[in-house]
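Structural description and commentary
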Amino acid sequence: MSKPNVLFVSAELTPVAKVGGLADVAAALPKALNRTGQANARLVLPLYDVIQKLSLATEEVLAALEVITPQGKETVRVLMTNIDGNTVYLAEHERFSQDGVYMQKQQKTHPFAETQRFLFFSQVVVALIAALPDFHPDVVHCHDWHTGLVPVLLQLAYGNKRPATVFTIHNLAMQGRWNREEILGALGLTPDAAATFSRVDEQGSLSFIEQGILGADVVNTVSRTYAEEILTPEYGAGMEHALQERTADLYGIVNGIDTEHFNPETDVAIPSQYTAANAVQIKRRNKMALQREFSLPETPARPLFGFVGRLTDQKGMELILDAFPDFLRDEKAQLIILGTGDPAIEEATARLCQAYPNAAGAKITFDAALAQHIYAGADFFLMPSKFEPCGLGQQIALRYGAVPVVRSTGGLVDTVPDYGENPHDGLGFRFTEFTSAALTRTIEKAIALFTTQPDAYTTLQKRGMEQDLSWNHSAPKYATLYTKALTKRG
Ligand code: ADP
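Everything numeric in this text was worked out from a predicted model, so none of it was measured.

**Comments concerning the packing of helix α12 (residues 317-329) against helix α17 (residues 436-452)**
Close contact between α12 and α17 brings their axes to 9 Å; oriented N to C, the two are set at 50°. As summarised for this structure, α12 and α17 are arranged oblique, according to the angle between their axes. Crossing handedness for the pair α12 and α17: right-handed. Along the contact surface, α12 presents Leu319, Ile320, Asp322, Ala323, Phe324 and Phe327, while α17 presents Ser436, Leu439, Thr440, Ile443, Glu444 and Ile447.

**Let's talk about the site of the ligand**
Around the ligand, a shell composed of 21 residues is seen, among which Gly21, Arg310, Lys315, Thr365 and Tyr375 lie nearest. Within the side chain of Lys18, an N or O atom sits 3.1 Å from an oxygen atom of the ligand. Thr365 is positioned with one of its backbone polar atoms (N or O) 2.9 Å from a nitrogen atom of the ligand. In the complex, 91% of the free accessible area of the ligand, which totals 570 Å², lies under the protein chains. Sorting the residues of the shell around the ligand by element identifies α1 (21-35), α14 (368-377) and α15 (393-399) as the ones contributing at least two each. Element by element, the count of residues in the shell around the ligand is highest for α14, at 3 residues. Residue composition of the shell around the ligand, grouped by class: 9 nonpolar, 7 polar and 5 charged.

**Observations regarding helix α5 (residues 180-187)**
Here α5 has its buried residues at Arg180, Ile183, Leu184, Ala186 and Leu187. Considered in projection along α5, the buried side chains sweep an arc of 160° and stay on one side of the axis. Just downstream of α5, Gly188 is the residue with a positive phi angle, here 60°.

**Details of the sheet that holds strand β1 (residues 5-9)**
Note: strands within a sheet are paired through backbone hydrogen bonds, in either parallel or antiparallel orientation. Taking strand neighbours across the sheet as the criterion, the 9 strands line up as β3-β4-β5-β2-β1-β6-β7-β10-β11 in an open arrangement whose pairing is mixed. Both outer strands of the open sheet, β3 (59-69) and β11 (250-252), are each paired with one neighbouring strand and no more. Strand-to-strand twist in this sheet, taken as the mean axis angle between neighbours without regard to direction, amounts to 25°. As judged from the 5 bridges shared by strand β6 (residues 139-143) and strand β7 (residues 164-169), these two strands associate in the parallel manner. From the neighbouring strand, His141 faces β7, where its bridge partner is Val166. Strand contacts of helix α7 (residues 208-215): β7 and β10 (218-221), with the helix running at about 135° to β7, the strand carrying the most contacts.

**Quick notes on the pairing of strand β2 (residues 40-46)**
Of all 7 residues making up β2, 6 are buried, and the element is well covered by its neighbours. Bridging between β1 and β2 involves 5 bridges; their strand directions are parallel. Considered in β2, the bridge of Val9 is made with Val44. Handedness of the β1-α1-β2 crossover: right-handed. Where β2 meets strand β5 (residues 86-92), 4 bridges bridge the pair, whose relative direction is parallel. Bridged to Leu45 within β5 is Leu90.

**Looking at the packing of helix α11 (residues 279-293) against helix α18 (residues 454-465)**
Running from amino to carboxyl end, α11 crosses α18 at an angle of 90°, the nearest separation of the two axes being 11 Å. In terms of orientation, α11 lies roughly perpendicular with respect to α18. Side by side, α11 and α18 meet where Ala279, Val280 and Lys283 of the first sit next to Thr458, Gln461 and Met465 of the second. Looking at the contact of α11 with α18 residue by residue, the class counts come to 3 nonpolar, 2 polar and 1 charged.

**So, the packing of aromatic side chains**
Here the structure, examined in full by the defined rule, presents 17 aromatic pairs. Centre to centre, the rings of Trp471 and Tyr478 are 6.3 Å apart; their planes meet at 55°, and the pair counts as tilted. Take Trp471 and Tyr478: they sit in the same class, and that class is buried. Arg95 extends its terminal NZ or CZ atom over the ring of Phe120, reaching a point 4.2 Å from the ring centre. Above the ring of Phe294, the side-chain terminus of Lys363 is found at 4.3 Å from the ring centroid.

Definitions and limits used
- Residues numbered from 1 in each chain as written.
- Predicted model: local features only at pLDDT ≥ 70, side-chain atom pairs only at ≥ 80, totals over all residues.
- Heavy atoms only, no water.
- Axes fitted to C-alpha atoms, helices over the stretch in contact; angles between N-to-C directions.
- Helix = DSSP H or I, 4+ residues; strand = E, 2+ residues; numbered from the N terminus.
- Parallel < 35°, antiparallel > 145°, perpendicular 65-115°, else oblique.
- Left-handed = near helix turned anticlockwise from the far one by under 90°.
- Contact = heavy atoms within 4.5 Å.
- Near = heavy atom within 4 Å.
- Polar contact = N/O pair within 3.5 Å; in protein donor to acceptor, adjacent residues only side chain to side chain.
- Areas by Shrake-Rupley, 256 points an atom, 1.4 Å probe, with all protein chains shown as cover.
- Nonpolar A, V, L, I, M, F, W, Y, C, P; charged D, E, K, R; others polar.
- Buried < 20%, exposed > 50% of the residue type's maximum accessible area, 1.4 Å probe, protein only.
- Arc of directions from axis to C-beta.
- Pairing = 2+ DSSP bridges.
- Right-handed = clockwise from strand over helix to strand, strands pointing away.
- Phe/Tyr/Trp six-rings, centres within 6.5 Å; stacked < 30°, edge-to-face > 60°.
- Lys NZ or Arg CZ within 6 Å of the ring centre and 35° of its normal.

What follows is the structure, given as C-alpha cells:
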C-alpha cells in the first residue's frame, strides 16, 4: 500500500485543545504526513466545550452514530471541520461538553469521570471506523493513555478485519487507571472478551496505557533515548515489564516542531521579528520588552533565563527554585517563569519572585503569546527535567535563539548535544545528576560564556537557530511505522 489512510486519535490538538506537547504533535505530524504525500491523515477528537465555544465552521458527517453501552444505546453526532490545515472529526456528546479538555481539577467530579469519559470516547472511535462514509482508516494511530483501550477494542470488534494500530507514548507518567470490573461493566463485555484485559495491579485496577502498550501492533515513544529509558524501573513508571514484552515492536522517533508556526521571522506574537543573521541586534529589543513586561531592570548585559512549562515535579522546578536564589541575590542573572501546575510549586515560584523582585518574575497562567515572548527574549531556556519523553520547549527555544540548559534525559539528550563536550556541534548546556548543585554548576558555565565570550555565545545561538527542527526527518519514520503495523496485523 503506497499511501495509507491514517486516523489520529488524540485528546489534545493545537490550537483548539492544547494542554501540552501532545497537542502540538497531534497538529503538526498529520499535516507533515499529508504535505509530503506519505499518508492521508485525519484526526478525531471529543467536541469539548472549549472547542464548541470557538464556533468553527463544521459539516455534519453522521447525525447519530450509535454506540452500544450496557446502559443502552447512546447516539453521538459527528462533525467534520478543518483546523489549521488538518481534517478533524469532532464527536459531539454531553459527556465531552463539560469541564474543558481535562476534568481532574474539578473537586466535585467523580474520581473516575476522566477515565469514563475517555473510555466512552474509545467506544465512539471504534464505532466511527465502520461508519465514516468517505474515509476508511488503514491505520489507527492512538496517542497516550486516553486512547489506550482503542487497539484492544478494535480487535474485539472487528478481529482481523480491523485497521492496523500504532500506539504512541508521549507521557508514561499519566496512565489512566480504573477498577477492572467497572471498566468491563462499562464496556458490557462477555467473559471471554473480558479475558483480553488480563493485566491488573494490586488494587484490581487496569491501566489504559498498559492496554495500549500490549494491544497495539506497533508501539513507539517520542525519542530514542526515552524508548531505552522506559525499559528500566527508574523511568518505566511501572510499565517496564509490559514494555519489555514489546521490545521487538518498540521504537523511538523524536518529535519535530511546526517550523512554520514557530518561526521568529514571521511570528506576529513577538514584538520584533528576526532571523539567525540579525538575532544579536533584534533579540536585544525582545529581551528588553520582556524585562519590561515582567517589571525587571532593562539590562541587556544581564543573562536572562526563561522557563515555560508545566509547574510539576517532572519539569525539575525544585532544582530551579533551589539553584537560582544565589544568582538572583548577586544579580548575576534574571529569571522569568511562565507556567501552571502543582499549587505548591506555583506558590514557591511566586515566593521566589517576591524575594527577588529585581531579578525574577513569574506569571502563573497559560498564555501562548507570552510563551513566545519568552522564547524570543531569553538568552537561555531552562529544562532541567527529571524525565522528558521528548520535550518541545527546548526545540522551540533553539529555533528562537534561546540556548537550552537541560538535564541529560530522554529527548533532551537526542535534541541538545552538549556544548561542553562538543564545542563545534553542541547546541546547549547539559548536566546529568538530578541535583541543584549540578544545575548550579551548569548555570555558572552558561553565564560565563554569555558574559566573557559573547562571540562564542552568539555562534552557539546561531547554530541552534539554523537547525532543521521540522518534521522532515521524523514524518518518514512514522510512515515506516505504519507499514510495519500493517505487516504485523497481516
Ligand atoms: P509537556 O508536553 O510535557 O507539557 P513539552 O515541552 O513537550 O512539555 O511541550 C510543552 C508545550 O506547551 C510547549 O509548546 C510550551 O511552550 C507550551 N506551554 C507549556 N506551558 C505553557 C504555558 N503556561 N503557557 C504557554 N505555553 C505553555
